[in-house]
Number of protein chains: 2
Amino acid sequence: MKLYTYFRSSAAYRVRIALNLKGLDYEAVPVHLLRDGGQQLGADYLAVNPSGLVPALQDDGLVLSQSMAILEYLDEVYPVAPLLPKDALGRARVRELAQIVACDIHPINNLRVLRYLVKQLGQPDEVKTDWYRHWVIEGLRSLEAHLARNPGTGAFCHGDTPTMADCFLVPQVFNAKRFDIDVEAYPTIARIDALCADLPAFKAAHPSLQPDAE
Amino acid sequence: MKLYTYFRSSAAYRVRIALNLKGLDYEAVPVHLLRDGGQQLGADYLAVNPSGLVPALQDDGLVLSQSMAILEYLDEVYPVAPLLPKDALGRARVRELAQIVACDIHPINNLRVLRYLVKQLGQPDEVKTDWYRHWVIEGLRSLEAHLARNPGTGAFCHGDTPTMADCFLVPQVFNAKRFDIDVEAYPTIARIDALCADLPAFKAAHPSLQPDAE
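Residues numbered from 1 in each chain as written. Chains lettered and ligands numbered in written order. Predicted model: local features only at pLDDT ≥ 70, side-chain atom pairs only at ≥ 80, totals over all residues. Heavy atoms only, no water.

Per an unreviewed UniProt entry, the recorded name for chain A is Maleylacetoacetate isomerase, and the organism is Massilia hydrophila.

Let's talk about the pairing of strand 2 (residues 27–30) of chain A
Residue and element names in this part refer to chain A. In terms of strand pairing, strand 1 (residues 2–5) meets strand 2 through four bridges, oriented parallel. Within strand 2, the residue paired with Leu3 across the bridge is Ala28. Between the parallel pair strand 1 and strand 2, the chain is carried across by helix 1 (residues 10–21), and the sense of this crossover is right-handed. (Pairing = 2+ DSSP bridges. Helix = DSSP H or I, 4+ residues; strand = E, 2+ residues; numbered from the N terminus. Right-handed = clockwise from strand over helix to strand, strands pointing away.)

Things to note about the interface of chain A and chain B
The partner chain B presents 50 residues to the 50 residues of chain A that form the contact. Interface area, chain A with chain B, both sides summed: about 4,200 Å², of which 58% is carbon and sulfur. In this structure, the connection of chain A to chain B is made through six salt bridges. Note that B:Arg91 and A:Glu76 form a salt bridge whose closest N and O atoms lie 2.8 Å from each other. Connecting chain A to chain B are 24 residue pairs in polar contact (both at pLDDT 80 or more). (Contact = heavy atoms within 4.5 Å. Buried area = accessible area lost by both parts, 1.4 Å probe. Salt bridge = Lys/Arg side-chain N within 4 Å of Asp/Glu carboxyl O. Polar contact = N/O pair within 3.5 Å; in protein donor to acceptor, adjacent residues only side chain to side chain.)

Let's talk about helix 6 (residues 125–149) of chain A
Over its 25 residues, helix 6 of chain A runs 36 Å from end to end, which matches the ideal 36 Å to within 8%, given 1.5 Å per residue. Among all positions in helix 6 of chain A, only A:Val127, A:Trp131, A:Tyr132, A:Trp135, A:Val136, A:Gly139, A:Leu140, A:Ser142, A:Leu143, A:Glu144, A:His146 and A:Leu147 are buried. (Expected span 1.5 Å × (residues − 1). Buried < 20%, exposed > 50% of the residue type's maximum accessible area, 1.4 Å probe, protein only.)

A short note on the side chain of A:Arg16
All names here are of chain A. For Arg16, the position within the fold is in helix 1. Nearest to the buried, unbridged Arg16 among oppositely charged side chains is Asp212, at 5.8 Å. Ignoring sequence-local partners within four residues, the contact set of Arg16 consists of Leu3, Thr5, Tyr6, Phe7, Tyr26, Ala205, His206, Pro207 and Gln210. (Lys, Arg positive; Asp, Glu negative; His and termini not counted.)

Observations concerning helix 8 (residues 187–197) of chain A
Along helix 8 of chain A, the residues that are buried comprise A:Thr188, A:Ile189, A:Ala190, A:Ile192, A:Asp193 and A:Cys196. In this structure, the buried residues of helix 8 of chain A make contact with helix 6, helix 7 (164–178) and helix 9 (200–205) of chain A.

Notes on the pattern of salt bridges
Scanning the model with the defined rule gives 18 salt bridges over all chains in all. A salt bridge links B:Arg35 to B:Glu214; its shortest N-O distance comes to 3.4 Å. Here B:Arg35, found in the loop between strand 2 (27–30) and helix 2 (43–48), pairs with B:Glu214, found in the segment after helix 9 (200–205); they are 179 residues apart in sequence, far enough to count as distant. On the accessibility criterion, B:Arg35 (46% relative accessible area) is partly exposed. In this structure, B:Arg141 and B:Glu138 form a salt bridge, with 3.0 Å as the shortest nitrogen-oxygen distance. Here the residue B:Arg141 and the residue B:Glu138 both occupy positions in helix 6 (residues 125–149), the gap between them amounting to three residues, near one helical turn. In this structure, a network of salt bridges that share partners links the residues A:Glu72, A:Glu76, A:Arg91, A:Arg95, B:Glu72, B:Glu76, B:Arg91 and B:Arg95.

Have a look at this one:
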C-alpha cells in the first residue's frame, strides 16, 4: 500500500492515523506542496490524482483520493480496529463529527485558498491569519457543541475507542495550535485530543515524525 | 421525518434528491438563510443543529446534520434504491466523487464564506463572483477528469443507476449555472446532469419546486 502524503497535510495526517490504528504497513510517497511550484500539480502526481491534492492511497490497483472515502474504504476492507461503531445511529454521528471538520473547517483554510487570498486578492499576511483563525474558531465552537450535548461522547468523540471522528479531530487541533488558537476553550475537544496524543497510532502519524518532515 | 431545508441550499438539495430516490416522505421545515439575520443562526435552529447550517434531518428521535452523513444514514436504514454500490471499490469511488463536491468545491463557496469576503474583507461583488467561479471551475475540471478516466462511469457517475455521487453532482451543476459557468465544457458532467434532470426524484428536489421557493 502506498500513501501519497505531505507531512503537514491535515488530510494526509487523518489517513496516517487510520492506517496506524489498523496496523497496516504502507510506503509513504512524499509530495511536497511547496517545492517545484507544488509537486501535487506536476504531471506525475496529476496522473495519480487529477484533483492535484493529497492524500491519495494506492492499494492493489485501486487509486483513491479524498481522506474520508479512504477511511471508509480501509474500514470496509480491513475491518480490524473499526473506525465506525456497529449501530446506524452511532455511525451517523461519527460521520457527522468527522464531516464538521472535513466540510466546515478544513477546506476553507486549505493551502490553495490561503494562496488565493494573498496572490489573487493581494491580502496581507494578517488578513490571511485572521481568516484562518475565524473558520477554525467557528468550527471548533460547533464541534464542541455537538460533542458536549450528546451522551454518546465518551473518552473519545464517540464511545471509549477511537473512531473516524478522532482521526479528523486531532489533525484539526494540530492546525489550530499552529495558529495560536486556545484549544482549552473547547474542553471536550482538548480532553479528547490529549488522550489521543498518548496513543502510539496517533503519535506515529504526527507531522514531526514523518520521513519528509522539515 | 423532518428535513430542515432552504430551497437554494446545495447541501439540502442533495438530501431532498436522496429522500425522493428512496421514496421517503418528509416534512420540509424551511429555514430562511437571509431572513431575520439568518434563521439558521437563531436560538430555535441552533437547538436543532449547533453548527447553524442547513440541512438537518430529524428521524425517530435522531437529529443529524451534514449532508453526506445524512445520505449514508438513509442508505443504511432505508436500503431500498441504494445510494452506494455493493462492492468496496465501487463504494469508495462513489464516496470519492461525492467528496470532491462536498469538500473541494462547495465549502469554499458557501454563503457565510462569500459574506466574509464582502463584509470583513470589503471586497466588491465582482471579486466575490470571480472567487465563486474560480473554485467551481477548478472543481468541475477535477470531477470531470475523475469521471472521464474511469471505466466505472456509466450512464450516471458510477454505473447505470443514480448513486450518492449524482446527488452531489446535480446541485453543484445548478450552482455553477447560476454563476454562468459553461457546464458543456465538462462533457461527462453535462451528460449525467441532463440525464438526472429528467428523473422525477431529481425534478421534485429542484430549488424552484420547494415550498419556500421565491
